[in-house]
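# Summary of the model geometry
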Amino acid sequence: MTTELEIGLYIFMLAGFLGYHVITRVPPLLHTPLMSATNAIAGISLVGSLVVAGADYGPLSTALGFIAVTCSSTNVVGGFLITDRMLKMFKTTKDHTTQRHRFQFNPRLLVTGLVVVVGLFVLTYLSDQVRKDVIYLFRDVLPSHALRYFYVVSAALFILGLKGLSSPKYARKGMHAAAVGMLMAIVGTLFHHEIVMYKWIIIGLIIGSIVGGAMGLRIPMTAVPQRTALSHSLGALAACLVGISEYFHHHGDLSTVVMTPLGFEVVIGGLTFTGSLMAAAKLQGILPGHPITYKGQNIFNLSLLGVIITSLIYLVFMPPEPMVFKLMVGLSFVFGLLLVIPIGAADMPVVIALLNSYGGLADASMGFVLMNKIQIITGSLDGTSGFLLSLLMCRAMNRSAINVLFGAFGKVAKEESGVVEAKGTVRSITAEEMAALVDGIRSIVIVPGYGMAVAQAQYGVAEFAKVLMKRGIDVKYAIHPVAGRMPGHMNVLLAEANVPYDQLYEMEQINPYFAQADVALVVGANDVTNPAAKYNKNSPLYGMPILDVERAKSIVVLKRSLAPGFSGVENELYYNPRCMMLFGDAKESLNKLFAALKS
């Protein structure tokens, strides 16, 4: 006879397989919304958190459950709101020029329809029980069936929501469906038979909704990577706390089948929590962006991981050992911190995607502990999306995930950057000279980078492009997969500045066009335009696919100085005879350029 564990494993594998086929169809244009959306869906840890906070397990479990509810609800509300903000920005050129009325999706219609359908189905199915015992129906039978059917509909809506991200046209409607699915999962969980008090649940939901709402509505798009990393930490912490609560609630008296996923839940949740906090601190500039390393660091980290794994294996066979459990939890938090600190900011796109995957695995593990099918499904979907995105980012950087985690990329290059000899003469250009340059061109390719985000220059870039297009100049944007600090970050920033997404071209699409472009305008991009990646075998960037900017007839780089980017590698493009540097803040340089064009 098939056990609950076997059913859970089947669901996990099938959900991962389905997630692979759904998520691989999401275009790079929507990779940032995808990560934000799966982050919000990973807030399904709220389901287990509600049970722990509402069940009378004891003061410790109630406190841990309350914190978990607050963290998870922050993730859910903030994640869906900021995803909706991003998707609302993506428009085509036709959308910008036409104002025709379109049908607007109303989430309330979907909610009403689903409630009616589910209600009729449940009432029809339980018609005999209505005649026999109305009190028994509403106290015992109806809640259990409502919980079951709400979860089934929620899982379908989550999958449809991710499927909608395969096209910008339907992405927002898909996210509305996923949000409704999350609401149904929460409402269904409130019918759980173990929930006997709602005080701490309500308080946690209110606090989390306020914090998440503020984050989702007020955080600027330039800070999306930091917010995403912070959300990873909150979701992972919720999963870890629920696992700790379950362990002490049962006093460690757990079967091998339960203790195995519980151990994974706590370990992965703990290291993802501290690791995500370190990633957010690096992205925010609280910690230095370059790798922080020390002698024997990898050996120490691997030894620490070995102790954690040994503790987990011991607990699987000897669960009632609270001291070993506490040691394992504490070391997991420490390992997450030490894992991310040696990683440079240049590798953050990969790190954030990996942390997203870890958070999904923690949620899936919680689903196995609580035998909750909806958590297994969403955890598998989240883990799949993060893993696939991390592979895509590694491929775009010509590196492996192991190399990212233990390679300390940029450390050596940073130390050697001071002794690199100049490759030639650097030419500078003024705003007035550049205005004269673009006056007679026919085509231009704009290459945005993280420097554009730092300078808040995306609006200036968009306005500059509009001026050129009014003069009949063909304008295209070249987007590298790892430009920015998370997958697809440049697409979001340009969409925020009302740049039509049909003007954005991926690296494979735009590279053949550079040779025909009169001007390539590089705005704050460094490593993704460095020719050393093609021919310098001694460069850490060697083998990394880059944008073929050096093939353009003229190259103009907007940059504060000749300082290298986050990788610490000097950009040889600046010494190209066709390259000219417009030094200064990108936003201020564009303002000067506007004035020069008008005069």
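This report concerns the structure included in the present document.

Definitions and limits used
- Residues numbered from 1 in each chain as written.
- Predicted model: local features only at pLDDT ≥ 70, side-chain atom pairs only at ≥ 80, totals over all residues.
- Heavy atoms only, no water.
- Helix = DSSP H or I, 4+ residues; strand = E, 2+ residues; numbered from the N terminus.
- Buried < 20%, exposed > 50% of the residue type's maximum accessible area, 1.4 Å probe, protein only.
- Contact = heavy atoms within 4.5 Å.
- Areas by Shrake-Rupley, 256 points an atom, 1.4 Å probe, with all protein chains shown as cover.
- Pairing = 2+ DSSP bridges.
- Core = buried A, V, L, I, M, F, W, Y, C linked by side-chain atoms within 4.5 Å.
- Axes fitted to C-alpha atoms, helices over the stretch in contact; angles between N-to-C directions.
- Parallel < 35°, antiparallel > 145°, perpendicular 65-115°, else oblique.
- Left-handed = near helix turned anticlockwise from the far one by under 90°.
- Nonpolar A, V, L, I, M, F, W, Y, C, P; charged D, E, K, R; others polar.
- Phe/Tyr/Trp six-rings, centres within 6.5 Å; stacked < 30°, edge-to-face > 60°.
- Lys NZ or Arg CZ within 6 Å of the ring centre and 35° of its normal.
- Expected span 1.5 Å × (residues − 1).
- Polar contact = N/O pair within 3.5 Å; in protein donor to acceptor, adjacent residues only side chain to side chain.
- Salt bridge = Lys/Arg side-chain N within 4 Å of Asp/Glu carboxyl O.

## Quick notes on the overall build of the protein chain
A count of helical and extended segments in the protein chain gives 25 helices and seven strands. Residues classed as buried in the protein chain amount to 58% of the 599 residues present. Restricting the contact set of the protein chain to residue pairs at least 6 apart, pairs at least 24 apart contribute 82%. Of the roughly 25100 Å² of accessible surface on the protein chain, 64% is carried by carbon and sulfur atoms.

## A look at the sheet that holds strand β2 (residues 443–448)
The sheet built from seven strands is open, its strands ordered β1-β7-β6-β5-β2-β3-β4 with parallel pairing. Unpaired on one side and paired on the other, β1 (427–428) and β4 (504–506) mark the two borders of the sheet. Judged from the three bridges that link them, strand β3 (residues 474–479) and β4 form a sheet pairing that is parallel. Residue pairing for β4: Ala-478 is matched across the bridge by Tyr-505.

## Concerning the nonpolar core
Among the nonpolar cores identified, the biggest contains 136 residues, and Phe-464 and Tyr-477 are the most heavily contacted of them. The element contributing the most residues to this core is helix α16 (residues 373–397), with nine residues. Listed in part, the 37 residues of the second largest apolar core include Leu-64, Cys-240, Val-266 and Ile-268.

## Quick notes on the pairing of strand β5 (residues 519–523)
For β5, the tally of buried residues reaches five of five residues, placing the bulk of the element in the interior. Of the two faces of β5, the one holding Val-519, Leu-521 and Val-523 and the one holding Ala-520 and Val-522 are both buried throughout. Taken together, the five bridges between β2 and β5 define a ladder with parallel strand orientation. Note that in β5 the partner of Pro-448 across the bridge is Val-523. By the bridge criterion, five bridges tie β5 to strand β6 (residues 554–559) in an arrangement that is parallel. Note on β6: the bridge partner recorded for Val-519 is Ser-554.

## A closer look at the packing of helix α1 (residues 4–23) against α16
Two quantities define a packed helix pair, namely the angle between the axes and the distance from one axis to the other. Contact geometry for α1 and α16: axes closest at 8 Å, N-to-C directions at 40 degrees. Classified by the interaxial angle, the pair formed by α1 and α16 is oblique. As α1 runs across α16, the sense of the crossing is right-handed. Residue-level contacts link Glu-4, Ile-7, Gly-8, Ile-11, Phe-12, Ala-15, Gly-16, Gly-19, Tyr-20 and Ile-23 of α1 to Lys-373, Ile-376, Ile-377, Ser-380, Leu-381, Thr-384, Ser-385 and Leu-388 of α16. Counted by class, the contact of α1 with α16 contains 10 nonpolar, six polar and two charged residues.

## Comments concerning the packing of aromatic side chains
By the definition in use, this model includes seven aromatic pairs. With a centroid separation of 3.9 Å and an interplanar angle of 5 degrees, the aromatic rings of Tyr-247 and Phe-325 are classed as stacked. You can see Tyr-247 sitting in helix α11 (residues 224–249) and its partner Phe-325 sitting in helix α14 (residues 322–340), a full 78 residues away along the chain. In this structure, Tyr-247 and Phe-325 share a single accessibility class: buried. When the ring of Phe-273 is compared with that of Phe-333, the centres are 5.9 Å apart and the planes differ by 80 degrees; the resulting orientation is edge-to-face. You can see Phe-273 sitting in helix α12 (residues 256–284) and its partner Phe-333 sitting in helix α14, a full 60 residues away along the chain. In textbook terms, an aromatic cluster arises when at least three aromatic residues are bridged by ring pairs, as seen for Tyr-247, Phe-248 and Phe-325. Taking the ring centre of Tyr-513 as reference, the NZ or CZ of Lys-476 above it sits at 4.3 Å.

## Describing α12
For α12, which comprises 29 residues, the first-to-last C-alpha distance of 42 Å matches the rise-based estimate of 42 Å (1.5 Å per residue) to within 8%. Within α12, 22 of the 29 residues are buried, which leaves the element mostly enclosed by the surrounding structure.

## Here's the deal with the environment of Met-434
As for its placement among the helices and strands, Met-434 is situated in helix α19 (residues 431–438). In this structure the C-alpha to C-alpha distance between Met-434 and Leu-597, which are 163 residues apart in sequence, comes to 9.0 Å. Setting aside anything within four residues of it in sequence, one finds Met-434 in contact with Ile-429, Phe-464, Leu-521, Val-556, Leu-582 and Leu-593.

## Examining helix α3 (residues 45–54)
Within α3, 10 of the 10 residues are buried, which leaves the element mostly enclosed by the surrounding structure. Within the sequence span of α3, burial applies to Ser-45, Leu-46, Val-47, Gly-48, Ser-49, Leu-50, Val-51, Val-52, Ala-53 and Gly-54.

## Some words on the environment of Lys-534
By the element assignment, Lys-534 lies in helix α24 (residues 532–535). Classification of Lys-534 by relative accessible area gives partly exposed; the value is 40%. When the C-alpha positions of Lys-534 and Asp-548 are compared, they lie 9.9 Å apart, and in sequence the two are 14 residues distant. When sequence neighbours within four positions are dropped, the list of residues in contact with Lys-534 reads Tyr-542, Ile-546, Asp-548 and Glu-550. There is a polar contact of 2.8 Å between the side chain of Lys-534 and the side chain of Glu-550.

## Some details on the packing of helix α4 (residues 59–89) against helix α9 (residues 168–189)
Where α4 meets α9, the closest approach of the two axes is 9 Å, and the angle between their N-to-C directions is 165 degrees. Classified by the interaxial angle, the pair formed by α4 and α9 is roughly antiparallel. At the point where α4 passes α9, the crossing takes the left-handed sense. Between α4 and α9, the contacting residues are Val-76, Phe-80, Thr-83, Asp-84, Leu-87 and Lys-88 on the first element and Ala-171, Arg-172, Met-175, His-176, Ala-178, Ala-179 and Met-182 on the second. Looking at the contact of α4 with α9 residue by residue, the class counts come to eight nonpolar, two polar and three charged.

## What about the pattern of salt bridges?
All chains considered together, the criterion is met by nine salt bridges. In this structure, Asp-439 engages Arg-471 in a salt bridge whose closest nitrogen and oxygen atoms are separated by 3.1 Å. Placement of the pair is Asp-439 in the loop between α19 and β2 and Arg-471 in the loop between α21 (458–470) and β3, with a sequence separation of 32 residues. Linking Arg-551 and Asp-548 is a salt bridge whose minimum nitrogen-to-oxygen distance equals 3.8 Å. Among the charged side chains, a salt-bridge network with shared partners connects Lys-534, Asp-548, Glu-550 and Arg-551.

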